[in-house]
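# Coordinate inspection notes
So the chains spell out like this:
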Amino acid sequence: MRKPRRYLAIGALSAALASLVAYAAQPSLQRVLSTPHTAAAATDRPQSLSPATPDTARPPVGIPIPLPPLPPAPGTPTRKDVGDPDSFGRPLKWLGVTQADIYLSEDCSLPEYQRAGAHCQQTSPGQTTFFSFQDTASITLPGNAAHSLLCYWFSPLLGLAYENPGAEPVTAQLRYRPGLTIESEVLRDPSLVDPGTGLPFDGRLSTAMSSSEQFHATLLGFEQRYESLRDSNVCIAGFLTRRSLVDMYGLTEAQAREVFRKPMTIRLDVSGSARYIPEASLTFGLRIVGD
């Protein structure tokens, strides 16, 4: 009678172990409920076998997306490319403003012509009057004020009183020619020679401005007339550049750079002539800009 009981006990134990293994192989109800997306993932798994459309295609997780190649860095422009590579891309700098006051009068002793900064040339009725004034206005720049170029804005304001003292018609005229003188300690080197004069610069060089003008007016017998004129113009290539110091004035590249690194003074000179204009007011505004 004992033998069957032992077999029953062993069978019962085997059944219990089988049930425990089967239960362990089943997913936990708590684990399923705590992972909401498990069911969705299970239902999505068969759909992943179909081809992805362009709108829903995604790169595999963990694989970096390659960036598009950067455009090549632009090279330094040449003189052939832009004409002035030294100033290419550099910002405009405002470097100062000044004003010259010049008068033509039959009487330069009047108080209004004696004030500081005024320049007066006496005129004679019916005669051509010549005038030439140096240093009518100036601007002094500190070292390194500009990199490689200086340019001007030039604004004349003219008041002209015409007069014909005779009975016959005549032609009145005014001509003026401005220029700039640049002073720099670099130009004091006695080995530097001005190609325009064949002499040493002696600390300064002169350059013309593309701002010369002339005016003509026909006057009837004994006619008197007053006219006011104004305009403005600017330089394009620059009245002083590192390139012009080398190509036109014979400086080395190092000397040209040094001119811009050192302080310099720019002075405005004005010359000209007038006929049948006994009284005139010539006001010249000068602004300097650079890079």
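Residues numbered from 1 in each chain as written. Predicted model: local features only at pLDDT ≥ 70, side-chain atom pairs only at ≥ 80, totals over all residues. Heavy atoms only, no water.

### Quick notes on the overall build of the protein
Check the secondary structure of the protein and you find six helices and 12 strands. Out of the 291 residues in the protein, the part that is buried amounts to 34%. The long-range fraction of contacts in the protein, counting pairs at least 24 apart against all pairs at least 6 apart in sequence, stands at 79%. With the model as given, the accessible surface of the protein reaches about 18700 Å², and the carbon-plus-sulfur share is 58%. (Helix = DSSP H or I, 4+ residues; strand = E, 2+ residues; numbered from the N terminus. Buried < 20%, exposed > 50% of the residue type's maximum accessible area, 1.4 Å probe, protein only. Contact = heavy atoms within 4.5 Å. Areas by Shrake-Rupley, 256 points an atom, 1.4 Å probe, with all protein chains shown as cover.)

### Quick word on empty space enclosed by the protein
Rolling a probe over the atoms, with the probe sized like a water molecule, indicates the empty space that remains. This structure, assessed with the given rule, holds one cavity of 30 Å³ or more. A volume near 90 Å³ is recorded for the largest cavity. Lining the largest cavity are 14 residues, and of these Ser124, Pro125, Gly126, Tyr276 and Pro278 sit closest to its centre. The class makeup of the residues in the lining of the largest cavity is six nonpolar, five polar and three charged. (1 Å grid on protein atoms, 1.4 Å probe; cavity = no way out; pocket = protein on both sides within 12 Å on 5 of 7 lines; lining within 4 Å. Points joined across faces, edges and corners; volume = space filled by probe spheres on them. Nonpolar A, V, L, I, M, F, W, Y, C, P; charged D, E, K, R; others polar.)

### Some words on the layout of surface pockets
Put simply, the largest pocket is a space of about 320 Å³. Forming the boundary of the largest pocket are 20 residues, of which Ala237, Gly238, Thr241, Ser244 and Met248 lie nearest the centre. Breaking the lining of the largest pocket down by element, the ones donating at least two residues are strand S6 (204-208), strand S10 (240-241) and helix H5 (242-247). Residues of the lining of the largest pocket, tallied by class, amount to 10 nonpolar, six polar and four charged. Estimated volume of the second largest pocket: approximately 150 Å³. Leu92, Leu149, Cys151, Val289 and Gly290 are the residues nearest the centre of the second largest pocket, which is lined by 13 residues in total. If you list the elements that add at least two residues to the lining of the second largest pocket, you get strand S4 (149-163) and strand S12 (279-290). With four residues, S4 is the single largest residue contributor to the lining of the second largest pocket. Tallied by class, residues from the lining of the second largest pocket come to nine nonpolar, two polar and two charged.

### A word on unusual backbone geometry
The general pattern is negative phi for most residues beyond glycine and trans for most peptide bonds. Located in the positive-phi region is Asp135, a residue other than glycine, with phi close to 55°. Its relative accessible area of 35% is what places Asp135 among the partly exposed residues.

### Remarks on the pattern of salt bridges
Going through the model one piece at a time under the given rule, you end up with 12 salt bridges. Among the ionic pairs, Arg79 bridges to Asp247, the shortest N-O distance being 3.3 Å. One end of the pair, Arg79, is in helix H4 (residues 79-82); the other, Asp247, is in helix H5, and 168 residues separate them in sequence. Residue classification places Arg79 among the partly exposed residues on the basis of a relative accessible area of 48%. (Salt bridge = Lys/Arg side-chain N within 4 Å of Asp/Glu carboxyl O.)

### As for the packing of aromatic side chains
Scanning all chains against the criterion turns up seven aromatic pairs. The interplanar angle of 15° and the centroid separation of 5.4 Å between the aromatic rings of Phe154 and Phe284 together place this pair among those described as stacked. Of this pair, Phe154 sits in strand S4 while Phe284 sits in strand S12; the two residues are 130 residues apart in sequence, bridging distant segments of the chain. Residue class for Phe284 comes out buried when judged on its relative accessible area of 0%. Members of the aromatic cluster, joined through ring pairs, are Phe154, Tyr176 and Phe284. Directly above the ring of Tyr162 sits Arg225, whose terminal nitrogen or CZ lies 5.8 Å from the centroid. (Phe/Tyr/Trp six-rings, centres within 6.5 Å; stacked < 30°, edge-to-face > 60°. Lys NZ or Arg CZ within 6 Å of the ring centre and 35° of its normal.)

### A look at a nonpolar patch on the surface
A grouping of Leu92, Trp94, Trp153, Val234 and Ile236 is seen on the molecular surface, where their side chains present a nonpolar patch of about 570 Å² in accessible area. Considering the arrangement of structural elements, one finds Leu92 in the loop between H4 and strand S1 (93-105). Since its relative accessible area comes to 49%, Leu92 is described here as partly exposed. (Patch = residues over 30% accessible without salt bridge, like charges linked within 9 Å, V, L, I, M, F, W, Y side chains within 5 Å.)

### Some thoughts on the state of the cysteines
This structure, assessed with the given rule, holds two disulfides. Note that Cys108 is cross-linked by a disulfide to Cys120, the S-S spacing being 2.0 Å. With the S-S bond torsion at -75°, the cross-link from Cys108 to Cys120 turns out left-handed. Residue Cys108 is located in the loop between S1 and strand S2 (118-122), and its partner Cys120 is located in strand S2; the two are separated by 12 residues in the primary sequence. On the accessibility criterion, Cys108 (14% relative accessible area) is buried. You can call Cys120 buried: its relative accessible area is 19%. For Cys151, the disulfide goes to Cys235, at an S-S distance of 1.7 Å. (Disulfide = S-S within 2.5 Å.)

### Things to note about the side chain of Thr136
Topologically, Thr136 is positioned in strand S3 (residues 128-141). In this structure Thr136 comes out as buried when scored by relative accessible area, which is 6%.

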